[in-house]
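# Descriptive analysis of the structure
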Amino acid sequence: MILEVKQLEKSFGARRAVAGINLLLNEGEVLGLLGPNGAGKTTTLAMIGGLLQPEAGSITIGGWDLQRHPLQAKALLGIVPQEPALYPQLSAAANLRFWGTMQGLQRSELNKAVAEALAVVGLTERARERVVNYSGGMKRRLNIAAGILHRPKLLIMDEPTVGVDPQSRNHIHETVKRLQCAGTAIIYTSHYVEEVEELCGRVLIMDAGKVVAAGTVAELLRAAGHAQELVIKVNRPHQAVLSRLTAIPGVREAVMVGQAFKLLTLKAEQVLPLAYEYLLSQGLQVSAIEIHKPNLESLFLKLTGKSLRDQ
Amino acid sequence: MMKKCLAITAVGFQQMFADPMYLIFTLALPLLLTWAMSFLPREAGVYEMALLGVLVMFVALNLLTSAGSILEEKQQGTWQRLRSSATPYRAIMAGYLLRFSLVAAVQALLLLLSGKLLFGAPWNQGYGELAVVLAVYIFAMTGLGLFLAGLFKTQGQVQAAATGIVLVGSMLGDIFFPMENPSTAIKFITAISPQSWAAHALKDILLQGAALASLVKPLLWMGGLGLLLLTAGLLRLKTEM
């Protein structure tokens, strides 16, 4: 167990930002932390990062209590903040040497650690260039390098791919996978549901300072009992057809939205041929068919009443 | 811990000296004003007092705005990354304070030397006392700077407050313009302004050879004020994210 959070609480005035969070994280595990604005994610991460004092509860990193042994605990921790936290007038290598020194790396190991971190994020060739001249994607990659330089056991990555180009995003995803394979435990926050599903073995959804759902993506979707959404666009939709579509075995609900019928079903593969055949038999022309599988986005919407991308 | 402290100081220097505006504001502008003051009439200590006024004013401005750079670091996230690292808070703050104090000391020394060597200011005595008063003054203004950094949210706010404090303290603190029959408000500003205390103490040392024993009052006032504000600023910055 690399991270153990017990009954964590924090309030700002009358507002309770975090209300009794529990969290366990093992080596090599990637935990996706999701939640709408004001859910308490940032406050939770700030407390785990040692930036805020909790009012109640405890945080243990690698066996060290963060409040009683902050330096030992923080030595095992790496942070990748949402916005690159770097000195723009220094070169990439100078930035990393500085952050390595702050994490307690000795001179003998510093140069090697800097070279390795630069190689991991693919910036070796640009190491001597000042950060102010870097592109946004390069700054984010260097931001990751500064977080992993000292080989932390626990890495907090706060939306590391916001606003980056696809190439840098892929590079960041590969870096996360490589770190995971090396045994680093990662807390990953993102508004991109696809990357959370791709990278995170477990997901924790917060709202109003509490955990509202936790588990693997498959477990969460199963527990939520989400139906697939089958969208069939036709040239002349009408109510009589809708009532017959509702009667197809396996259809839970059917609605007409604009030029399309939307069918909710747990068995889209079985319902689709029957619906298609019926629509053709009624002389309707089908222009498009879409199957929306249940995903974290829809689950998040259901649990919090907010869209993940609208944060 | 010393290594980390020095690394923080060094990075601060690198950031500062990469900014030409900072160098102009900290060194070129006060030197220009020192030169301009050399055209003042050299009688009744007016010229010397104006030179020392420029010194205390720019050292104060430099220290207050430098302390505000902590807020800039908060905005760019480097402060949070530092606080999340395995570096004790006291090492972080020692690194910042060392940088602020060194720059202010170099700035003060440069202005004193340029006044003497280039513009004929009659500084010929009391160098030890001068060093003590300058050190205590730098400590007081660093405390005020950290207090402002803990009080405000952005560097812009600190700069606005610093400009106000420094201008009021210098212009109305019986430094540049000797006051005859000052109002109660002016007397109060003169009584609390560290710039006023420092400028008069420096003048007494450099022109009249005052000993430290006669400077206990300004030293105690500046030292006490600095300690109070520094403690408040350090505590506030420690608990603020």
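Residues numbered from 1 in each chain as written. Chains lettered and ligands numbered in written order. Predicted model: local features only at pLDDT ≥ 70, side-chain atom pairs only at ≥ 80, totals over all residues. Heavy atoms only, no water.

### Describing a nonpolar patch on the surface
All names here are of chain A.
- On the surface, Y276, L280, I289 and I291 cluster together into a nonpolar patch covering about 330 Å² of accessible area.
- Those elements giving two or more residues to the nonpolar patch turn out to be α10 (268–281) and β14 (286–292).
- One can find L280 in helix α10. (Patch = residues over 30% accessible without salt bridge, like charges linked within 9 Å, V, L, I, M, F, W, Y side chains within 5 Å. Areas by Shrake-Rupley, 256 points an atom, 1.4 Å probe, with all protein chains shown as cover. Salt bridge = Lys/Arg side-chain N within 4 Å of Asp/Glu carboxyl O. Helix = DSSP H or I, 4+ residues; strand = E, 2+ residues; numbered from the N terminus.)

### Regarding the packing of aromatic side chains
Residues and elements named next belong to chain A.
- Using the criterion set out here, one finds 8 aromatic pairs over all chains in the structure.
- A ring pair is formed by Y87 and F98, whose centres lie 5.5 Å apart and whose planes are at 80°; its orientation type is edge-to-face. Residue Y87 is located in the loop between β6 (77–80) and α3 (92–102), and its partner F98 is located in helix α3; the two are separated by 11 residues in the primary sequence. Residues Y87 and F98 agree in their burial class; the two are buried.
- Three or more aromatic residues joined by ring pairs make a cluster, and in this case those are Y87, F98 and W99.
- When the ring centre of Y192 is taken as origin, the NZ or CZ atom of R169, which lies over that ring, is 4.1 Å away. (Phe/Tyr/Trp six-rings, centres within 6.5 Å; stacked < 30°, edge-to-face > 60°. Buried < 20%, exposed > 50% of the residue type's maximum accessible area, 1.4 Å probe, protein only. Lys NZ or Arg CZ within 6 Å of the ring centre and 35° of its normal.)

### Things to note about the interface of chain B and chain A
- Contacts between chain B and chain A engage 23 residues on the former and 31 residues on the latter.
- In total, about 2,300 Å² of surface goes out of reach between chain B and chain A, with carbon and sulfur atoms giving 64% of it.
- Put simply, chain B and chain A have 0 salt bridges between them.
- Linking chain B with chain A are 10 residue pairs in polar contact (both at pLDDT 80 or more).
- Contributions of two or more residues to the side of chain B that touches chain A are made by α1 (2–17), α3 (46–76) and α4 (78–84) of chain B. (Contact = heavy atoms within 4.5 Å. Buried area = accessible area lost by both parts, 1.4 Å probe. Polar contact = N/O pair within 3.5 Å; in protein donor to acceptor, adjacent residues only side chain to side chain.)

### Quick word on helix α4 (residues 107–120) of chain A
Residue and element names in this part refer to chain A.
- For α4, spanning 14 residues, the distance from its first C-alpha to its last is 20 Å, which sits close to the expected 20 Å at 1.5 Å a residue.
- The complete set of buried residues in α4 reads L110, A113, V114, A117 and L118. Down the axis, α4 shows its buried residues gathered within 130° of arc, on one side only. The outward face of α4, more than 90 degrees from its buried face, is lined by the exposed residues S108 and K112.
- Packing partners of the buried residues in α4 comprise α3 and α5 (136–148).
- Among the residues trailing α4, G122 stands out with phi positive, at a value near 70°. (Expected span 1.5 Å × (residues − 1). Arc of directions from axis to C-beta.)

### Comments concerning the environment of L155(A)
Residue and element names in this part refer to chain A.
- Inspection of the secondary structure puts L155 in strand β7 (residues 154–158).
- Distance from L155 to E174, taken between C-alpha atoms, is 15 Å for residues 19 residues apart in sequence.
- In contact with L155, not counting residues within four places along its chain, are G78, I79, V80, G147, I148, L179, T184, A185, I186 and I187.

### Comments concerning the state of the cysteines
Residue and element names in this part refer to chain A.
- If you walk through the whole model with that rule in mind, you get 0 disulfides over all chains.
- With no disulfide of its own, C200 lies closest to C181 among cysteine sulfurs, the gap being 14 Å.
- Overall, C200 belongs to the buried group, its relative accessible area being 5%. (Disulfide = S-S within 2.5 Å.)

### Re helix α7 (residues 155–171) of chain B
Residue and element names in this part refer to chain B.
- Over its 17 residues, α7 runs 23 Å from end to end, which matches the ideal 24 Å to within 8%, given 1.5 Å per residue.
- For α7, the full list of buried residues reads Q155, V158, A161, A162, V166, G169 and S170. Taken end-on, α7 shows its buried residues confined to a sector of 140°, consistent with a single buried face.
- Elements in contact with the buried residues of α7: α3, α6 (127–151), α8 (184–192) and α9 (194–208).

### A look at the environment of T142(B)
- Checked against the element boundaries, T142(B) lands in helix α6.
- If we skip the residues at most four places from it in the chain, T142(B) touches L63(B), L97(B), F100(B), S101(B) and L230(B).

### A look at unusual backbone geometry
Residue and element names in this part refer to chain A.
- Backbone geometry at E159 places phi at a positive 45°, although glycine is not the residue there.
- Relative to the assigned elements, E159 resides in the loop between β7 and α6 (166–181).
- Looking at E159, the relative accessible area reads 8%, which means it is buried.
- Look at A208: it is not a glycine, yet its phi comes out positive at around 50°.
- Note on placement: A208 falls in the loop between β9 (202–207) and β10 (210–215).
- In this structure A208 comes out as exposed when scored by relative accessible area, which is 53%.

### Observations concerning the pairing of strand β11 (residues 228–234) of chain A
All names here are of chain A.
- Taking burial as the measure, the 7 residues of β11 include 5 buried ones, the bulk of the element.
- Across 6 bridges, β11 lies against strand β13 (residues 260–265) in antiparallel orientation. Of the residues in β13, the one forming a bridge with E229 is L264. (Pairing = 2+ DSSP bridges.)

### As for the domain arrangement of chain A
- Domain assignment breaks chain A into domain 1 (3–222) and domain 2 (227–293).
- For domain 1 of chain A versus domain 2 of chain A, the distance between C-alpha centres works out to 44 Å. (Domains from an automatic or database assignment.)

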